[in-house]
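Read off the chains here:
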2 protein chains.
Amino acid sequence: MDRLPDDIVQLDAETFASEGSQHHREELRLWLRLLTCTTMIEGEVRRRLRRDFDVTLPRFDLMAQLDKSPAGLTLSDISKRMMVSNGNITGLVDRLVASGHVTRRASETDRRAQVIRLTELGRAEFRRMADAHEGWIADMFAELTRDGVDDLMALLGRTKDSVRKACCNA
Amino acid sequence: MDRLPDDIVQLDAETFASEGSQHHREELRLWLRLLTCTTMIEGEVRRRLRRDFDVTLPRFDLMAQLDKSPAGLTLSDISKRMMVSNGNITGLVDRLVASGHVTRRASETDRRAQVIRLTELGRAEFRRMADAHEGWIADMFAELTRDGVDDLMALLGRTKDSVRKACCNA
C-alpha cells in the first residue's frame, strides 16, 4: 500500500489520538506529531520533485544512493540501502538506463552481479535536484530558530537512542 | 513501492547526508534524523503488530479510524482519513468483513454508498491492540525525560507550523 503523495499534507495524524484515555497518552501524541511532521515534509518533497523535475521520490532516493557510491552499487546493495522494498528497484533502474541517467554492467568480481552507476548526465541531473531539495527542506524548517534546530536535533538524537534500546529489548 | 517493514529499523537515513556540502546542511540533517526516527518507530510497530497480533499496520490503522467513528465510515471517508492510498482499502475491508471485525451496509442517506462499521468483536480486538500499541510507544520514548517529551512536542509543533507555512507559499 503506497502512501498518498500530496493530499496527505493537510491530514493530521494527531486527530487519531483524540479519543485515547490510557496512561501513556503524552507519548502517543508525541509519536503522532512526529509522524505528522514526517508525512507532511515527505509529501511536500514528493510534490515538488514531480512539479519541478517530473521525477518520483523513489527515483530521487535511488539516484541519491548512486551519487554517494561513485564505484556503483549492485541491485542487492540498493535494496539494502533504500528505504523501500526491492520490488520496483529493477523497474526504476530499467527506466534510468533508458533515460541515460545510469549504466548497468556486469561486475568485474562477480559476473552474475550487475553494477549500476550514475552517468555524467545522471550525476548532473541529481545534483540539480539535490540542491533544490536542500533549499526546500531549509524552507520548511525556516520558522525554527537556530537554537530550535539544534535543540530538535539533540532531542531526536535521544529519541533514536531510546527507540534503538527499546527495539533491542523487545 | 512499499516501505520495508523490519529490516529498515537498523538503517539510518542520516548517512544519506554525509556527503552534502551546501548551505543548508543542518536542516537537511535534521530532516533525515526526523525521517530516521519515524521509520524506526513505524517499523517496530509494524513488527510487533505482526508478532503479537498477526495483523498488518494498514489493518490496524483502518480499525483505528473506525474505532473513532462509531457511526461508521464510507470507503471514500476512509480513503480521505487514512495515510495510505485507497488502492487496497477495499481488499482490507473485504478481509475485515470475512473475519467478522466489521460490517458493510448500504448507507441510509445514499443508497449507492456503503457504510463500514466495527463489530463488537472488532472493537474489542482493536482496543486490545491499541492498549499494547500505546505501551510500545511509551517504551520507545522511555529514555526521554518528562521535560524532553514536552520540549520535543513543542518543537515539533513549531515544525508543523513552519512546514504548513512553507507549503502554503509554494
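Residues numbered from 1 in each chain as written. Chains lettered and ligands numbered in written order. Predicted model: local features only at pLDDT ≥ 70, side-chain atom pairs only at ≥ 80, totals over all residues.

### Some points on helix 4 (residues 89-98) of chain A
Residue and element names in this part refer to chain A.
- Every buried residue belonging to helix 4 is among Leu-92, Val-93 and Leu-96, and all of these are buried. Projected onto a plane normal to the axis of helix 4, the buried residues spread over an arc of 95° and lie on a single side. When the buried face of helix 4 is taken as reference, the exposed residues oriented beyond 90 degrees from it are Thr-90, Gly-91 and Ala-98.
- Contacts from the buried residues of helix 4 go to helix 2 (57-68), helix 3 (75-81), strand 2 (102-106), strand 3 (114-118) and helix 5 (120-140).
- The first or second residue beyond helix 4 is Gly-100, which carries a positive phi of 80°. (Buried ≥ 20, exposed ≤ 12 C-beta atoms within 10 Å, placed from the backbone. Helix = DSSP H or I, 4+ residues; strand = E, 2+ residues; numbered from the N terminus. Arc of directions from axis to C-beta. Contact = placed C-beta atoms within 7 Å.)

### Here we look at the domain arrangement of chain A
Residues and elements named next belong to chain A.
- Structurally, chain A comprises domain 1 (1-54) and domain 2 (55-145).
- Listed by partner, the interface residues are ten residues for domain 1 and nine residues for domain 2.
- In terms of residue class, the side of domain 1 that touches domain 2 is made up of four nonpolar, no polar and six charged. (Domains from an automatic or database assignment. Nonpolar A, V, L, I, M, F, W, Y, C, P; charged D, E, K, R; others polar.)

### Some thoughts on the packing of helix 1 (residues 25-53) of chain A against helix 1 (residues 25-53) of chain B
- Where helix 1 of chain A contacts helix 1 of chain B, the two axes come as close as 10 Å, and the packing angle between them is 125°. Comparing the axis directions of helix 1 of chain A and helix 1 of chain B gives the class oblique. Between helix 1 of chain A and helix 1 of chain B lies a crossing of left-handed hand. Residues Trp-31, Leu-34, Leu-35, Cys-37, Thr-38 and Ile-41 of chain A of helix 1 of chain A touch helix 1 of chain B, and the partners they reach there are Trp-31, Leu-34, Leu-35, Cys-37, Thr-38 and Ile-41 of chain B.
- For the contact of helix 1 of chain A with helix 1 of chain B, a count of residues per class yields ten nonpolar, two polar and no charged. (Axes fitted to C-alpha atoms, helices over the stretch in contact; angles between N-to-C directions. Parallel < 35°, antiparallel > 145°, perpendicular 65-115°, else oblique. Left-handed = near helix turned anticlockwise from the far one by under 90°.)

### Some details on helix 5 (residues 120-140) of chain B
- Compared with the 30 Å implied by 1.5 Å per residue over 21 residues, the 30 Å span of helix 5 of chain B between its first and last C-alpha is a close match.
- Among the residues of helix 5 of chain B, Gly-122, Phe-126, His-133, Trp-136, Ile-137, Ala-138, Asp-139 and Met-140 of chain B are the ones counted as buried. (Expected span 1.5 Å × (residues − 1).)

### Some thoughts on the nonpolar core
- The biggest cluster of nonpolar side chains holds 38 residues, and the ones touching the most others in it are Trp-31 of chain A together with Trp-31 of chain B.
- Of all the secondary structure elements, the ones that give two or more residues to this core are helix 1, helix 5 and helix 6 (146-169) of chain A together with helix 1, helix 5 and helix 6 (146-169) of chain B.
- Those residues in contact with Trp-31 of chain B, other than ones at most four positions away along the chain, are Ile-41 and Ile-137 of chain A. (Core = buried A, V, L, I, M, F, W, Y, C linked by C-beta atoms within 7 Å.)

### A look at the sheet that holds strand 1 (residues 73-74) of chain A
- Here three strands make up an open sheet; going across it, the order is 1-3-2 (chain A) and the pairing antiparallel. In this open sheet, the two edge strands, each paired with only one partner strand, are strand 1 and strand 2 of chain A. (Pairing = 2+ DSSP bridges.)

### Observations regarding the environment of Thr-119 of chain A
Residue and element names in this part refer to chain A.
- Within the secondary structure, Thr-119 is located in the loop between strand 3 and helix 5.
- Judged by C-beta crowding, with 16 C-beta atoms within 10 Å, Thr-119 ranks as partly exposed.
- Through-space distance from the C-alpha of Thr-119 to that of Leu-35 is 36 Å; in sequence the pair is 84 residues apart.
- Ignoring anything within four residues of it in the chain, the contact list for Thr-119 reads Gly-100, His-101, Val-102 and Thr-103.

### So, the environment of Leu-155 of chain A
- Structurally, the position occupied by Leu-155 of chain A is in helix 6.
- Not counting chain neighbours up to four residues away, the residues in contact with Leu-155 of chain A comprise Gly-148, Asp-151, Leu-152 and Leu-155 of chain B.

### Description of the sheet that holds strand 2 (residues 102-106) of chain B
Residues and elements named next belong to chain B.
- Within the open sheet, the three strands sit side by side as 1-3-2. Their pairing is antiparallel. Bordering the open sheet on either side are strand 1 (73-74) and strand 2, each of which pairs with just one other strand.
- Sheet contacts for helix 2 (residues 57-67): strand 1, strand 2 and strand 3 (114-118); angle to strand 3, the most-contacted strand, approximately 95°.
- Here helix 4 (residues 89-98) sits on the sheet in contact with strand 2 and strand 3, set at roughly 110° to strand 2.

### With respect to the pairing of strand 3 of chain A
All names here are of chain A.
- Inspection of the sheet shows strand 1 paired to strand 3 by two bridges, in the antiparallel sense. In the strand pairing of strand 3, Thr-74 is matched with Val-115.
- Alignment of strand 2 against strand 3, held across five bridges, turns out to be antiparallel. Residue Ala-106 lies in a different strand from strand 3, and its bridge partner there is Gln-114.

### A word on the confidence of the model for chain A
Residue and element names in this part refer to chain A.
- Residues of chain A with pLDDT of at least 70 account for 84%, and the chain-wide mean is 86.
- Within chain A, helix 3 has the poorest average pLDDT of any element, 86, and helix 5 the best, 97.
- Below a pLDDT of 50 lies the segment residues 1-12, which in the model reaches 29 contacts outside its immediate sequence neighbourhood of four places, other chains included.
- When the criterion is pLDDT under 50, residues 15-22 qualifies, and its contacts beyond four places in sequence or with other chains add up to twelve contacts.
- Here the complex is predicted with pTM 0.82, and the ipTM for its interfaces comes to 0.82. (pLDDT = per-residue confidence, 0-100.)

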